[in-house]
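# Descriptive structure summary
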Amino acid sequence: MNITDKDIRDILGTVRYPGNGKSIIENGMVENIRIEDDNVYFTLIFDKSTNPFIKSVIRMAETAIGTKLGPSVKVKGNIDIRFLQAAPEKEAPRPVLPGVKNIIGISSGKGGVGKSTVAANVAIALAAKGYKVGLLDADIFGPSMPRMFGVEDEPLYMVNRDGKDWIEPIEKYGVKMLSIGFLVAKENPVLWRGSMASNALRQLITDAWWGELDYFLIDMPPGTSDIHLTLVQTLPITGVVIVTTPQEVALADARKGVAMFKDEKINVPVLGIVENMAWFTPAAHPDEKYYIFGKGGGANLAEKLGVKLLIQLPLVAGICEDADNGAPTSTALAAAEKDALTAEGVAFALLADSIVAQCDERNRQLPPTEKVQVKK
């Protein structure tokens, strides 16, 4: 079939552009007509990539040529598109916590094992060693950090940075800290559905001005829940520390916690296990040890799972009392009160050192953790 450039222009002259009713030839939307054997090629010009009539004009052009010249002439797939305006570049989303070097989760399989006490003391111990530290109380339904830091009645303020208002974390003992406990009355339970809790948690992470931090610790809720999924989907967590007691019930739940983070869909490195309340030593008999919750359960679990035992912490009434009084045991480190430093305070300092060492080793051996992608 002998097809000319004029034939194609005449046919396309019958195709109306829905935007103004004129033909696509009259609108100057056709260029680069080329005919090779039974193939017809040309370019359609649109104002921008978001033009709503692009697909309909292409279909009308293909139909017009197919109707006039017959099915032997191929045009479908031969039409190029050009835009007069370049597509606007999408503004890259602001990275979450861009100034934070390491994000560490403090987790436990069940409640009541001292996870929050460990998180608070480790954060303060790290700050006392000169690190820039942030602490997020992500235990939505049982926030305890405001009480442990003695700031339950402190109001939250906004701070303007980079032209935007941000939540300003409360700073005490050298630690920047936020908790959902600041947003609800301390006497009232948090009666939220999972989605509400997750959204509140994201806000504390993404709408707060955390600034430059060496370590950002997250006091996670006990167990495995929506909150854990929200955290791994929101943040590239460097690694987690699992807190347990030697009791079999606690160890069984700790195994589940380790399994969750090691799951290939989550894939967050486990930095190690803390065995809390490993033994009880009476103040009057410092050389005696009583294994109230069993002996060496956390150490055995770490060996079986192939993760490091970071430390065994004793059961000491003073640790609980210090936290209840808003001055965790490690505050003696923060205040450089060497004379007031107890054996428990030394233990938390050693735990902080162990976490730093494990974190450094993890960063040398493994690539950065990726956020878990949400599949729709």
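Heads up: the structure comes first, above all this text.
One structure accompanies this document, and this report is about it. (Residues numbered from 1 in each chain as written. Predicted model: local features only at pLDDT ≥ 70, side-chain atom pairs only at ≥ 80, totals over all residues. Heavy atoms only, no water.)

If you walk through the whole model with that rule in mind, you get six aromatic pairs. Pairing Phe 149 with Tyr 173 gives two aromatic rings, centres 5.8 Å apart and planes at 45°, and the pair type is tilted. Here Tyr 173 lies in the loop between β8 (170-172) and β9 (175-179) and Phe 149 lies in the loop between α4 (145-148) and β6 (157-161), a separation of 24 residues in the sequence. For Tyr 173, a relative accessible area of 22% translates into the label partly exposed. Aromatic pair Trp 166 and Trp 209: ring centres 5.3 Å apart, planes at 65°, arrangement edge-to-face. Linking Trp 166 in strand β7 (residues 164-168) with Trp 209 in the loop between α5 (194-206) and β10 (213-219), this pair joins segments that are 43 residues apart in sequence. With a relative accessible area of 23%, Trp 209 lands in the partly exposed category. It is Lys 164 that lies over the ring of Trp 166; its NZ or CZ is 4.4 Å from the centre. Positioned over the ring face of Trp 279 is Lys 289, at 3.9 Å from the centre of the ring. (Phe/Tyr/Trp six-rings, centres within 6.5 Å; stacked < 30°, edge-to-face > 60°. Helix = DSSP H or I, 4+ residues; strand = E, 2+ residues; numbered from the N terminus. Buried < 20%, exposed > 50% of the residue type's maximum accessible area, 1.4 Å probe, protein only. Lys NZ or Arg CZ within 6 Å of the ring centre and 35° of its normal.)

It is worth spelling out the packing of helix α1 (residues 5-12) against helix α2 (residues 54-69) at this point. The geometry of α1 relative to α2 is characterised by a closest axis approach of 9 Å and an angle of 120° between their N-to-C directions. Overall, the two elements α1 and α2 adopt an arrangement that is oblique. Along this stretch, α1 crosses α2, giving a crossing that reads as right-handed. For the pair α1 and α2, contact is made by Ile 8, Ile 11 and Leu 12 and by Ala 61, Ala 64, Ile 65, Lys 68 and Leu 69, respectively. (Axes fitted to C-alpha atoms, helices over the stretch in contact; angles between N-to-C directions. Parallel < 35°, antiparallel > 145°, perpendicular 65-115°, else oblique. Left-handed = near helix turned anticlockwise from the far one by under 90°. Contact = heavy atoms within 4.5 Å.)

Structurally, Asn 51 can be placed in the loop between β2 (39-46) and α2. A polar contact is formed between the side chain of Asn 51 and the side chain of Asp 47, at a distance of 2.9 Å. Apart from residues lying up to four places away in sequence, Asn 51 is in contact with Tyr 17 and Phe 46. (Polar contact = N/O pair within 3.5 Å; in protein donor to acceptor, adjacent residues only side chain to side chain.)

Formed by 83 residues in total, the largest nonpolar core has its most connected members in Leu 136, Phe 149, Phe 216 and Leu 351. The element best represented in this core is helix α3 (residues 115-128), accounting for nine residues. When residues no more than four places from it in sequence are discounted, the contact partners of Leu 136 are Leu 178, Leu 201, Leu 204, Ile 205, Trp 210, Phe 216, Leu 217, Ile 218 and Asp 219. Core analysis: the next-biggest nonpolar cluster, separate from the first, contains 24 residues, Ile 3, Val 15, Met 29 and Phe 46 among them. (Core = buried A, V, L, I, M, F, W, Y, C linked by side-chain atoms within 4.5 Å.)

With that settled, consider the pairing of strand β12 (residues 270-275). The buried count for β12 comes to six of six residues, which makes it a mostly enclosed element. The handedness of the strand β11 (residues 239-244) to β12 crossover, carried by helix α7 (residues 248-262), is right-handed. Bridging between β12 and strand β13 (residues 309-312) involves three bridges; their strand directions are parallel. Paired with Ile 273 across the two strands is Leu 309, which belongs to β13. Crossover connection from β12 via helix α8 (residues 297-305) to parallel β13: handedness right-handed. (Right-handed = clockwise from strand over helix to strand, strands pointing away. Pairing = 2+ DSSP bridges.)

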